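Chain residues, written in single-letter form:
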Amino acid sequence: MSVRVALIVGSLREGSYSRAIGLELKALAAPGLDLDLIEIGDLPLYNPDLETDDAPQAWTRFRAEVAATQAVLFVTPEYNRSIPGALKNALDVGSRPYGHSIWQAKPAAIVSVSPGAIGAFGANHHLRQPLVFLNMPTMQQPEAYVGNVATLLDDSGKLTSDGTRDFLKSFTDAFAAWIEKTKG
Ligand code: FNR
């Protein structure tokens, strides 16, 4: 049976390396692991005052799209040694109204991406903190820190490195096994 996975990218940039890696992961995933890219760039900043019957349409759209999936793959850059605000906002939007979190118990995995050498390690680990509170069983191993990403992609955003392709493929396979093990 196939598993629908929300693919959430922490960058809003059109030429985003993280988005390119996310799309490569989608292409590499084994049949039966269907990655759906879910957009976060149009989500108004979370404000409990807007949590009414007339809540922002983008919040409703986002919540419905993630709710229709069984797991979540986060692919994120690092901003100032943490996660981008847009990604934190998406986590907050999905976590409410209280008691109706769309993240609840969904298996998760994280791929962090940077043109720098340390592969957005800070973002990868900061993201793990809210995922604990959101009760998302998050894959521990293998870890994925994609560093020096600009050297791994061609101008159209396709991977040029066989080693990275093999690693990302094995990562998606491990995630499929993790979902099978942890999903409710
Ligand atoms: C960055 N960048 C960055 N890179 C990094 O490795 N560690 C960091 O702490 C930061 N901090 C940071 C803050 C802000 C506000 C910006 C805009 C950028 C650089 C970042 O890795 C680079 O812009 C990537 O290209 C962003 O990822 P996308 O958009 O290509 O996916």
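In this text the structure is predicted, and so the values were computed from the model without any measurement.

> Please explain helix α4 (residues 121-133) as it appears in this structure.
Each α-helix winds once per 3.6 residues, and so residues spaced three or four apart point in a common direction. Buried within α4 are the following residues: Gly 122, Ala 123, Asn 124, Leu 127, Arg 128, Pro 130 and Leu 131. Buried residues along α4 sit against β3 (71-76), α3 (85-95), β4 (108-113) and β5 (145-146). Directly after α4, the chain includes Asn 135, whose backbone phi takes a positive value near 60°.

> What should I look at first to understand the site of the ligand in this one?
Neighbouring residues of the ligand: Ser 11, Arg 13, Ser 16, Tyr 17, Ser 18, Pro 77, Glu 78, Tyr 79, Asn 80, Arg 81, Ser 114 and Pro 115. Within the contact set of the ligand, an oxygen atom lies 2.9 Å away from a backbone nitrogen or oxygen of Tyr 17. Contact distances for the ligand include 2.8 Å between an oxygen atom and a backbone N or O atom of Arg 81. Here the ligand loses 70% of its free accessible area of 610 Å² to cover by the protein chains. For the shell around the ligand, a count of residues per class yields four nonpolar, five polar and three charged.

> Mind showing me how you'd approach the environment of Ala 67 here?
If you trace the backbone, Ala 67 turns up in helix α2 (residues 57-67). In this structure the C-alpha to C-alpha distance between Ala 67 and Gln 104, which are 37 residues apart in sequence, comes to 9.6 Å. If sequence neighbours within four positions are ignored, Ala 67 has contacts with Ile 102 and Lys 106.

> Quick question: what am I supposed to make of the packing of helix α1 (residues 17-28) against helix α5 (residues 162-182) here?
When two helices pack together, their arrangement is given by the angle between the helix axes and the distance between those axes. Where α1 meets α5, the axes come as close as 9 Å, and the angle between the chain directions of the two elements is 65°. Considering only the axes of α1 and α5, their crossing is right-handed. Two secondary-structure elements touch here, α1 through Ile 21, Leu 25 and Leu 28 and α5 through Arg 165, Leu 168, Lys 169 and Thr 172. In the contact of α1 with α5, the residues fall into four nonpolar, one polar and two charged.

> What's the story with the packing of aromatic side chains in this structure? I'm lost.
Each aromatic ring pair is summarised here by two numbers: the centre-to-centre distance and the angle between the ring planes. The tally for this structure, following the rule as stated, stands at five aromatic pairs. With a centroid separation of 4.9 Å and an interplanar angle of 25°, the aromatic rings of Tyr 46 and Trp 59 are classed as stacked. Separated by 13 residues along the polypeptide, Tyr 46 in the loop between β2 (33-37) and α2 and Trp 59 in helix α2 bring together distant segments of the chain. Look at Phe 74 and Trp 103: their rings are 6.0 Å apart centre to centre, the planes differ by 45°, and that puts the pair in the tilted class.

> Honestly, the pattern of salt bridges in this entry has me stumped. Any pointers?
Pairing between side chains becomes possible if they bear opposite charge and their charged atoms approach one another. Counting across every chain of the model gives 10 salt bridges. For Arg 61, the salt bridge is made with Glu 65, and the minimal N-O distance between the two is 3.1 Å. Residue Arg 61 and its partner Glu 65 are both found in helix α2; the two are separated by four residues, about one turn of the helix. A relative accessible area of 19% means that Arg 61 is categorised as buried. Assessed through its relative accessible area of 32%, Glu 65 is described here as partly exposed. Residues Asp 92 and Lys 88 are paired through a salt bridge, measuring 3.0 Å at the closest nitrogen-oxygen approach. A residue pair is termed a helical-turn pair when its members lie 3 or 4 positions apart in one helix, as Asp 92 and Lys 88 do in helix α3 at four residues. Sharing partners across several salt bridges, the network here consists of Asp 42, Arg 61 and Glu 65.

The rules behind each value
- Residues numbered from 1 in each chain as written.
- Predicted model: local features only at pLDDT ≥ 70, side-chain atom pairs only at ≥ 80, totals over all residues.
- Heavy atoms only, no water.
- Buried < 20%, exposed > 50% of the residue type's maximum accessible area, 1.4 Å probe, protein only.
- Helix = DSSP H or I, 4+ residues; strand = E, 2+ residues; numbered from the N terminus.
- Contact = heavy atoms within 4.5 Å.
- Near = heavy atom within 4 Å.
- Polar contact = N/O pair within 3.5 Å; in protein donor to acceptor, adjacent residues only side chain to side chain.
- Areas by Shrake-Rupley, 256 points an atom, 1.4 Å probe, with all protein chains shown as cover.
- Nonpolar A, V, L, I, M, F, W, Y, C, P; charged D, E, K, R; others polar.
- Axes fitted to C-alpha atoms, helices over the stretch in contact; angles between N-to-C directions.
- Left-handed = near helix turned anticlockwise from the far one by under 90°.
- Phe/Tyr/Trp six-rings, centres within 6.5 Å; stacked < 30°, edge-to-face > 60°.
- Salt bridge = Lys/Arg side-chain N within 4 Å of Asp/Glu carboxyl O.

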